[in-house]
Amino acid sequence: MVKYLVHFFSYALHPLLMLTYILVILLMVNPYMFGVSSIGDYDVLILLMFLTTFAIPAFAALLMKLLGLINSLQMEDKQERIGPYIITGVFYLWIFRYLLERSEVPIAYKIFVLGATIALFIAFFINLFSKISIHAVGMGGLIAMVLITMKYFSYPTFPVNAPLFGSMEISMNGLLIFVLVLSGIVGSSRLYLKAHTLPDILGGYFVGFIAQFIALRFLFY
């Protein structure tokens, strides 16, 4: 049972999904930044981010597996990660350049996309020497995103319409605690699966976290 759960969290919180999740969170927390009143008004952008930052890079990795360029989709050997890193990096750079020219996309999301791109390339460089956890990189970036949003781009609470519980107000502090718990679960899952060592996990958290503040320095200050 535990093994199924750790696999579930590893897939559900895959690093390639982080930019899609961040977009959805921003739209929930403060849709007015996007000039809309609900998340449904931005479904096209959500789909675009999902395709360019998850679906296409994931398909490229699958294709590399089918062609025998990598041994498994888990890419346990750090050398196998070089090709997928480069492919993903190209798409991240493209989508950041595209968003940079879209005036309707708020600066907050552009910051987080740039931060994810910076983190990806730092992780690529580190991967040449050590097998850093890209899952931890993604979660570290998510923690930083919530903190930055709390400080600059949100109100203390935001409304959520849950099918089972109806309309409720969620605090940003509650969201931060939730993300911290998820980050701990993801790191523990990677350790449980023996996919990484503790230094790989901690290094990943640090890279993902600091990259967002580097992006904030470039685009906001």
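Structure: see above.
Given the structure is predicted, the values throughout are model-derived calculations rather than measurements.

1. Here we look at the overall build of the protein
Okay, so step 1: Of regular secondary structure, the protein possesses 8 helices and 2 strands.
Okay, so step 2: Ordered by position from N to C terminus, the α and β elements of the protein give α-α-α-α-α-α-β-β-α-α.
Okay, so step 3: The C-alpha atoms of the protein give 17 Å as radius of gyration, which agrees with the globular expectation for 221 residues (17 Å, within 12%).
Okay, so step 4: Taken along its principal axes, the extent of the C-alpha atoms in the protein is 45 × 40 × 30 Å.
Okay, so step 5: Within the protein, the proportion of its 221 residues that are buried is 47%.
Okay, so step 6: Carbon and sulfur atoms form 72% of the exposed surface of the protein, whose accessible area is close to 11400 Å².
Okay, so step 7: Separation of charge centres in the protein, based on 12 positive and 9 negative side chains, amounts to 8 Å.

2. With respect to the environment of Lys 65
Okay, so step 1: Its place among the elements puts Lys 65 in helix α3 (residues 43–66).
Okay, so step 2: In the structure, Lys 65 is positioned 34 residues away from Pro 31 in sequence and 39 Å away in space, judged by C-alpha atoms.

3. Quick look at the nonpolar core
Okay, so step 1: Counting 58 residues, the largest nonpolar core has Met 49 and Tyr 109 as its most contacted members.
Okay, so step 2: Counting residues per element, this core draws most heavily on helix α5 (residues 107–127), which supplies 11 residues.
Okay, so step 3: In contact with Tyr 109, other than residues within four places in its own chain, are Leu 19, Thr 20, Ile 22, Leu 23, Leu 26, Phe 34, Met 49 and Leu 99.

4. Notes on the pattern of salt bridges
Should the charged atoms of two oppositely charged side chains come close, the side chains can pair.
Okay, so step 1: Evaluated as defined, the whole model comprises 2 salt bridges.
Okay, so step 2: In this structure, Arg 97 and Glu 101 form a salt bridge, with 2.7 Å as the shortest nitrogen-oxygen distance.
Okay, so step 3: Residue classification places Arg 97 among the partly exposed residues on the basis of a relative accessible area of 47%.
Okay, so step 4: With a closest N to O distance of 3.0 Å, Glu 104 and Arg 102 form a salt bridge.
Okay, so step 5: For Arg 102, a relative accessible area of 31% gives the class partly exposed.

5. Considering the packing of α5 against helix α8 (residues 198–219)
Relative orientation and spacing of two packed helices are given, respectively, by the angle between their axes and the distance between those axes.
Okay, so step 1: Put simply, α5 and α8 touch, their axes get as near as 7 Å, and they point 130 degrees apart. The angle between α5 and α8 falls in the class oblique. In this structure, α5 crosses over α8, and the sense of that crossing is right-handed. Here Ile 107, Lys 110, Ile 111, Phe 112, Leu 114, Gly 115, Ala 116, Ile 118, Ala 119, Ile 122, Ala 123 and Ile 126 of α5 come into contact with α8, specifically with Val 207, Gly 208, Ala 211, Gln 212, Ile 214, Ala 215, Leu 216, Phe 218 and Leu 219.
Okay, so step 2: Of the residues belonging to the contact of α5 with α8, the class tally is 17 nonpolar, 3 polar and 1 charged.

6. A word on the packing of aromatic side chains
Okay, so step 1: With the rule as written, the count across this model stands at 7 aromatic pairs.
Okay, so step 2: Centre to centre, the rings of Trp 94 and Tyr 98 are 5.6 Å apart; their planes meet at 15 degrees, and the pair counts as stacked. Of this pair, Trp 94 and Tyr 98 both sit in helix α4 (residues 82–100), 4 residues apart, roughly one helical turn.
Okay, so step 3: We classify Trp 94 as partly exposed; its relative accessible area is 45%.
Okay, so step 4: Relative accessible area serves as the criterion here: at 29%, Tyr 98 is assigned to the partly exposed category.

7. Overview of unusual backbone geometry
Okay, so step 1: Even without a glycine there, the phi angle at Lys 194 is positive, about 60 degrees.
Okay, so step 2: Here Lys 194 is to be found in the loop between α7 (172–192) and α8.

8. Focus on the packing of α3 against α4
Okay, so step 1: Relative orientation of the contacting elements α3 and α4 amounts to 160 degrees, with a least axis distance of 9 Å. As far as their axial angle goes, α4 and α3 are roughly antiparallel. For the pair α3 and α4, the sense of crossing is right-handed. Contact residues: Leu 45, Leu 48, Met 49, Thr 52, Thr 53, Ile 56, Pro 57, Ala 60 and Met 64 in α3; Gly 83, Pro 84, Ile 87, Thr 88, Phe 91, Tyr 92, Trp 94, Ile 95, Tyr 98 and Leu 99 in α4.
Okay, so step 2: Of the residues that constitute the contact of α3 with α4, the class distribution is 15 nonpolar, 4 polar and no charged.

Cut-offs applied
Residues numbered from 1 in each chain as written. Predicted model: local features only at pLDDT ≥ 70, side-chain atom pairs only at ≥ 80, totals over all residues. Heavy atoms only, no water. Helix = DSSP H or I, 4+ residues; strand = E, 2+ residues; numbered from the N terminus. Rg over C-alpha atoms; globule rule 2.2 N^0.38 Å. Buried < 20%, exposed > 50% of the residue type's maximum accessible area, 1.4 Å probe, protein only. Areas by Shrake-Rupley, 256 points an atom, 1.4 Å probe, with all protein chains shown as cover. Lys, Arg positive; Asp, Glu negative; His and termini not counted. Charge placed at Lys NZ, Arg CZ, Asp CG, Glu CD. Core = buried A, V, L, I, M, F, W, Y, C linked by side-chain atoms within 4.5 Å. Contact = heavy atoms within 4.5 Å. Salt bridge = Lys/Arg side-chain N within 4 Å of Asp/Glu carboxyl O. Axes fitted to C-alpha atoms, helices over the stretch in contact; angles between N-to-C directions. Parallel < 35°, antiparallel > 145°, perpendicular 65-115°, else oblique. Left-handed = near helix turned anticlockwise from the far one by under 90°. Nonpolar A, V, L, I, M, F, W, Y, C, P; charged D, E, K, R; others polar. Phe/Tyr/Trp six-rings, centres within 6.5 Å; stacked < 30°, edge-to-face > 60°.

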